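Observations on chain architecture
Each chain is listed here by its residues.
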Amino acid sequence: MKKSSNSLPADMYLFDSPKTLQNPLLQHREVRSDSHPSTPGKAKMERNNHFGDVQSRSYNFFFVLCVSLFILMAGAYMLRSEGPSVEKKFIVRESESSIPDIWRSQAWQKSVRESCHVKREDGLVVLVTGAAGFVGSHVSLALKKRGDGVVGLDNFNNYYDPQLKRDRQKLLDRHGIFIIEGDINDAVLLKELFDMIPFTHVMHLAAQAGVRYALQNPHSYVHSNIAGLVTLLEQCRRANPQPAFVWASSSSVYGLNTKVPFAESDRTDQPASLYAATKKAGEEFVHTYNHIYGLSITGLRFFTVYGPFGRPDMAYFSFTQNILSGKPVTIYQGPNKVDLARDFTFIDDIVKGCVAALDTSEKSTGTGGKKRGPAQLRTFNLGNTSPVTVPTLVNILEKHLKVKAQKNFVKMPRNGDVPFTHANVTLARTELGYNPTTDLNTGLKKFVKCPTLEPSA
Ligand SMILES: O=C(O)[C@H]1O[C@H](OP(=O)(O)OP(=O)(O)OC[C@H]2O[C@@H](n3ccc(=O)[nH]c3=O)[C@H](O)[C@@H]2O)[C@H](O)[C@@H](O)[C@H]1O
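Residues numbered from 1 in each chain as written. Predicted model: local features only at pLDDT ≥ 70, side-chain atom pairs only at ≥ 80, totals over all residues. Heavy atoms only, no water.

Looking up the protein chain in an unreviewed UniProt entry gives the name UDP-glucuronate 4-epimerase, with the organism given as Riccia sorocarpa. Regarding the protein chain, the UniProt comment filed under Subcellular location (unreviewed entry) reads as follows: "Golgi apparatus, Golgi stack membrane". Its UniProt record, at the heading Catalytic activity (unreviewed entry), says of the protein chain: "UDP-alpha-D-glucuronate = UDP-alpha-D-galacturonate". (UniProt positions renumbered as here; feature names shortened; annotations may be inferred.)

A word on the sheet that holds strand 5 (residues 244-250). Across the sheet, 7 strands lie side by side as 3-2-1-4-5-6-11; this open sheet has parallel pairing. At either margin of the open sheet sits one strand with a lone partner, and together these are strand 3 (178-181) and strand 11 (377-382). Going from strand to strand, the sheet's axes swing by 20 degrees on average, the running direction of each strand aside. The sheet contact formed by strand 1 (residues 125-129) and strand 2 (residues 149-154) spans 5 bridges and is parallel. Residue Thr 129 lies in a different strand from strand 2, and its bridge partner there is Leu 153. Seen against the sheet, helix 5 (residues 134-145) touches strand 1, strand 2, strand 4 (201-204) and strand 6 (297-302) and runs at an angle of roughly 165 degrees to strand 1. Each of strand 5, strand 6 and strand 11 touches helix 9 (residues 274-293); the most contacted strand, strand 5, lies at about 155 degrees to it. (Pairing = 2+ DSSP bridges. Helix = DSSP H or I, 4+ residues; strand = E, 2+ residues; numbered from the N terminus. Axes fitted to C-alpha atoms, helices over the stretch in contact; angles between N-to-C directions. Contact = heavy atoms within 4.5 Å.)

With that settled, the discussion passes to the site of the ligand. Contacts to the ligand come from 22 residues, most closely from Arg 212, Ser 250, Thr 304, Thr 330 and Asp 417. The contact in question runs from an oxygen atom of the ligand to an N or O atom on the backbone of Ser 252, over 3.3 Å. In the complex, 92% of the free accessible area of the ligand, which totals 700 Å², lies under the protein chains. Contributions of two or more residues to the shell around the ligand are made by helix 10 (315-324) and strand 8 (329-333). The element that contributes the greatest number of residues to the shell around the ligand is strand 8, accounting for 3 residues. A class-by-class count of the residues in the shell around the ligand yields 12 nonpolar, 6 polar and 4 charged. (Near = heavy atom within 4 Å. Polar contact = N/O pair within 3.5 Å; in protein donor to acceptor, adjacent residues only side chain to side chain. Areas by Shrake-Rupley, 256 points an atom, 1.4 Å probe, with all protein chains shown as cover. Nonpolar A, V, L, I, M, F, W, Y, C, P; charged D, E, K, R; others polar.)

Here the structure, examined in full by the defined rule, presents 17 aromatic pairs. Where Tyr 159 meets Tyr 213, the ring centres are 4.9 Å apart and the plane angle is 45 degrees; that geometry is what we call tilted. Highlighted residues: Tyr 159 in the loop between strand 2 and helix 6 (162-174) and Tyr 213 in the loop between strand 4 and helix 8 (218-238), separated in sequence by 54 residues. Judged on exposure class, the residue Tyr 159 and its partner Tyr 213 are both buried. When the centroid spacing of 4.8 Å and the interplanar angle of 35 degrees are considered together, the rings of Tyr 254 and Phe 262 count as tilted. Across the pair, exposure class does not vary: Tyr 254 and Phe 262 are buried alike. (Phe/Tyr/Trp six-rings, centres within 6.5 Å; stacked < 30°, edge-to-face > 60°. Buried < 20%, exposed > 50% of the residue type's maximum accessible area, 1.4 Å probe, protein only.)

Okay, structure coming up:
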């Protein structure tokens, strides 16, 4: 068993410039209404009354049919269009003829190769998906700083302010990490990339995150967390050499499980949200790829990760913005006004868990799509092991911000939330040397100092 000794230098938290972060839920896609069916002509009806009646009735029928079809199609389109237009950047290229010139350019290929350059003995060569995201940017930096080769892949979608992702990209760029702007559903891009670089590992962190947003845009979860995952796994199983695959599942897979603390062997067949259902589905898919193709796979169930450079859609972040701008915070409560609780886990602890998972991954056993023997398949909880209630989270924020919060307590809506999470990390401790050391008070103090924070507009 190898243990990770990675630690993160303080300068990884420095942003180029503070930015005001927008609420992604306020963005809407416009619905087109300029395509009406054409009206049937009158001329033939006037030439023959009888035939005209029949024809008129069939024209009327045809007209009603067209209008009904139009309404159905418009309705379907409007349903798909709710919420931010996260889907607009999705690209599914089907042939090599559609490869953009830039990928063929020497400059682009040089950027990819240099980013993947390994600077330590036995260093890894890692593709990090979601590298402009919260966890992805931190993990990429940690790997690069110890001498591994790292290239990122991110579609820079607008689920939350893409400027934050661009700021992370600039930081990674300063450390020699190139992020390819592309989608995990783009099989042609993936093939091109794997043909160029023999990745030893894939750290798959790209996902449609957020529990409550799944009510508004379920398709984006299916697209990223299921279709995108399968596209990436397809590429990994065909690759020669096959990389070891480490990916982000979620504490949300425990769903309605009431046995605490949550252990990896507990029930995960009762998801409470569509987000959870897609992560659980992902766990089933990776099992299949391990079984059929010999891919070495490690799934990490993250428990409510927070910290500097974080996600503005999460409660600790949006609460901070609201407190700073004098707006109330809405605190959900369970039945009988029971406080909700989360096993909030600080980003540095999560990064150590991710790096340790990469370091302890065994090689995949297949080559070029054929399994040669059984391969490693693991699942670990990465949590903090000490749940904290949401009102306590707000109290800690008030203390560090030195501002009193206006608190609105409301009954928890039926939005996919679960009342509490609590990780048992015995397995990760034993096999990864995982040892979370940052309590919520210390972690939020670091978060509040992050220069990206500004009051909400
Ligand atoms: O571990 C995970 O698997 C997930 O963690 C995270 O989900 P959650 O644990 O739901 O975090 P987060 O939104 O910060 O809400 C925290 C608490 O505040 C409560 N909450 C939230 C909003 C609000 O307005 N009021 C409120 O009380 C809310 O009811 C909850 O009790 C990731 O977003 C998700 O992508 C996934 O990774």
